[in-house]
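Fold and geometry: a report
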Amino acid sequence: MTIDMSQFHGVFLEESAEHLDDIEHLLMALDPEQPEIEDLNCIFRAAHSIKGGAGIFGFDALISVTHVMENLFDLARQGQFNISQKVVDDLLVVVDTLRRLLAAYGSNEAVNWQLVADATEKVNNLLQPAAAVKDVPEQGFGFFEPLATKADNAAFGFFEPLPEATEDDGFGFFEPLPQAIKDDGFGFFEPLTAPANGDHSDRPEQTIPAAVQAAVPSIKDTELKPAPVDAEQKVLVERRKTDTDTSSIRVDIHKVDSLVNLVGELVITQSMLTLIGEELAENLSERLATALRELERNTRDLQEGIMSIRMLPMSFVFNRFPRVVRDLSQKLSKQVELVVEGGNTEIDKSLIEKLVDPLTHLVRNSLDHGIEPAETRRALGKAETGRLILKAEQKGGNVLISVHDDGGGLNRQKIMAKARERGIEISETAPDSEVWQLIMAPGFSTAEQVTDVSGRGVGMDVVRRNIEAMGGKIDITSSTGQGSVIHIRLPLTLAILDGMSVSVSDQQFIVPLVNIVESVQPSSEQLMLISNQQMLFLRDLYWPIVKLGELMQLPDAIKDPLTGILVLVESSRNRFAMLVDDLLGQQQVVIKSLEQHYRRVDGVAGATIMGDGSVALILDVESLADIPATSIN
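Please read all numbers here as calculations on a predicted model, not as lab measurements.

What to know about the confidence of the model for the chain
In the predicted model, the chain carries a mean pLDDT of 76, and the fraction of residues at 70 or more is 75%. Scored below 50 in pLDDT, residues 146–159 makes 21 contacts in the model with residues more than four places away or belonging to other chains. This model gives residues 177–187 a pLDDT under 50, and the stretch forms 12 contacts once residues within four places in sequence are excluded.

Dropping the structure here:
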């Protein structure tokens, strides 16, 4: 019976990605002067695990690179190799190469063997700095070992005397190349006759180039067996393995999503039963009400438990940035200390994946535009090393994420001048909060020159759009000479929403609570007409009125604000007063995709099923916020 090994590829690739993350974090934290022996052991074991799994599936490129890494850390933990900052820098580049190889195997793409050769050569050069490749065409064409200056009949300067070499025997190199001739580069980077090991019927056939085989001559003969550890280390590893095996399991995210949908349906069914119970006779209703309250409590606990499975700590996002800050600060010749707070704060997995790009833009902007070079900071009386703080905390049903730098802060005059140059109208007396929002306009940038880091004016615009797409808000505070803080407010999950149920005609709508400021019944003195736009004047602020009934084409809806209720709503770009017939109450609803089951509707973010079985539309406040601006213009 044959076993289809491809069914295990996904698990191996996930585990290998985790091993690479561990290696990267350990390398970043490694003290080159006095490296911890346990850190070296952990890196060695992680590389060995990747190599072992790759051997099972025949992923030869991974075996090649991890084999030489394994050799390096084996020598390092035995005290026979000294770790330096250059070693750490080069190994981080090798880790990036391994990630690219994992991605290639995961997507069944052809492996770039040049990357493999470069990575193995880089590690080998670290291990044997004296064996750097030299360009000596008359002495073996610059192959992997340096050739001593000896006579032509002196075995080309190799360490051990070789038999008489001829032009067609490969010059006595480590492994003979089949049918190598002068004109084919002696088999460099060209496929050989034998395909790579492993069953990869759906992957392009490849072979290990001779250069890689020569760089790692013992791979084919290497027995993939567990790394040797002493008794104390073995006990520690076994204990960790046991703890890990008993405390967590791998579950397909689609199974979790299915559970979330099922528990959402259960909540709806429970609401229906509650409504039915209220219609029964009094003697039955009291007994049934007690049971339904118990059912409601248990359903709520079940819902929260299922939702918690989807929650991941923010450290899954924050752990990416030590490497980003390290590489970019070196590129910009700046000294920056990264501080991470609240890494244990949990947020929905779907939001975790969408947060990476916005936070990357914000971190890059802080490093490039915010934090000054060491010389400038010294002249201003600041510490030469700047501080960048990534912080996450939970407040109610939201997660607050902040990116704080102690740089020069935003320049109000520069931003205002750029706005006038681009034809953006803004009052000279506008508050700072409105001025700071200008940096998120499309194409807006105050950078004097465009670099590969920033300056094109697209980063902050992308940040705002991505955050708003997640139902979040973004605010900026800044102080000249003290730095800037960018605050992001996000819901804990995109599957459940806290909202206010409102009625318009015979329809129900859900307004997200995060956008509601308050609700009022206006007086005639508070209503006025400006440029054909009906406005509410309340507490020295003008609120454009949006009639939800007209927007949703409901003819029986209340049209006079004096007889209805105005719900004051605020988005990240605008504020307005929404006219509704009545407020029905606050409730938590399960979000259903309207676009997936019907089609996209302007001003609507989704739908939910109410307790009586009716469908209520969930309003998209961000898109509705554009309506007052359009009306006024």
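Remarks on unusual backbone geometry
One non-glycine residue with positive phi stands out, namely Asp 540, at about 65 degrees. Structurally, Asp 540 is set in the loop between β12 (533–538) and β13 (541–547). Non-glycine residue Gln 553 carries a positive phi angle of around 55 degrees. Of note, Gln 553 is situated in the loop between α17 (548–551) and β14 (565–570). Take Gln 553: its relative accessible area is 68%, and that puts it in the exposed class.

So, the nonpolar core
One finds Met 314, Leu 355, Leu 359 and Ile 401 to be the most contacted residues of the largest nonpolar core, which totals 45 residues. Tallying contributions element by element places helix α12 (residues 349–370) first for this core, with 7 residues. Ignoring any residue separated from it by four or fewer positions in sequence, one finds Ile 401 in contact with Met 314, Phe 318, Leu 355, Leu 359, Lys 391, Ala 392, Ile 486, His 487, Ile 488 and Leu 490. If you look at the next biggest cluster of nonpolar residues, it comprises 41 residues, including Leu 27, Phe 81, Leu 98 and Tyr 105.

Quick word on the pairing of strand β9 (residues 507–512)
Along any regular strand, the residues point their side chains to alternate faces of the sheet. As judged from the 6 bridges shared by strand β8 (residues 496–504) and β9, these two strands associate in the antiparallel manner. Bridge pairing in β9 links Val 502 to Phe 509. Connecting the antiparallel pair β8 and β9 is a turn made up of 2 residues, with Ser 505 showing a positive phi of about 60 degrees. Strand direction decides the pairing type here: β9 and strand β18 (residues 615–619), joined by 2 bridges, are parallel. Within β18, the position partnered with Phe 509 by the bridge is Leu 617.

With respect to the packing of aromatic side chains
One pass over the structure, following the stated rule, counts 5 aromatic pairs. An aromatic cluster of at least three residues, connected via ring pairs, comprises Phe 12, Phe 57, Phe 59 and Tyr 105. Lying over the aromatic face of Trp 543, Arg 575 brings its terminal NZ or CZ to 5.7 Å of the ring centre.

What counts and how
All residue numbers refer to positions counted from 1 along the written sequence of the respective chain. Side-chain atom pairs in this predicted model are given and counted only at pLDDT of 80 or more, local residue features only at pLDDT of at least 70, and totals for whole chains, interfaces and linings cover all residues. No hydrogens and no water enter the side-chain calculation; it runs on all heavy atoms of the structure. Confidence per residue, as judged by the predictor, is encoded in pLDDT with a range of 0 to 100. For this analysis, residues touch if any pair of their heavy atoms sits within 4.5 Å. Only DSSP runs of H or I reaching four residues or more are called helices, and only runs of E reaching two or more are called strands; each is numbered from the N terminus. Buried residues are those whose accessible area, probed at 1.4 Å on protein chains only, stays under 20% of the maximum for their type, while exposed residues exceed 50% and partly exposed ones sit between those limits. Only buried Ala, Val, Leu, Ile, Met, Phe, Trp, Tyr and Cys residues count toward a nonpolar core, and they belong to the same one when joined by side-chain atoms within 4.5 Å. Two strands form a pair only when DSSP identifies at least two bridges running between them. Any two rings among Phe, Tyr and Trp, with Trp reduced to its six-membered ring, count as a pair given centres within 6.5 Å; such a pair is stacked if its planes are under 30 degrees apart, edge-to-face if over 60, and tilted if neither. Criterion for a charge above a ring: Lys NZ or Arg CZ within 6 Å of the ring centre, and within 35 degrees of the ring normal.

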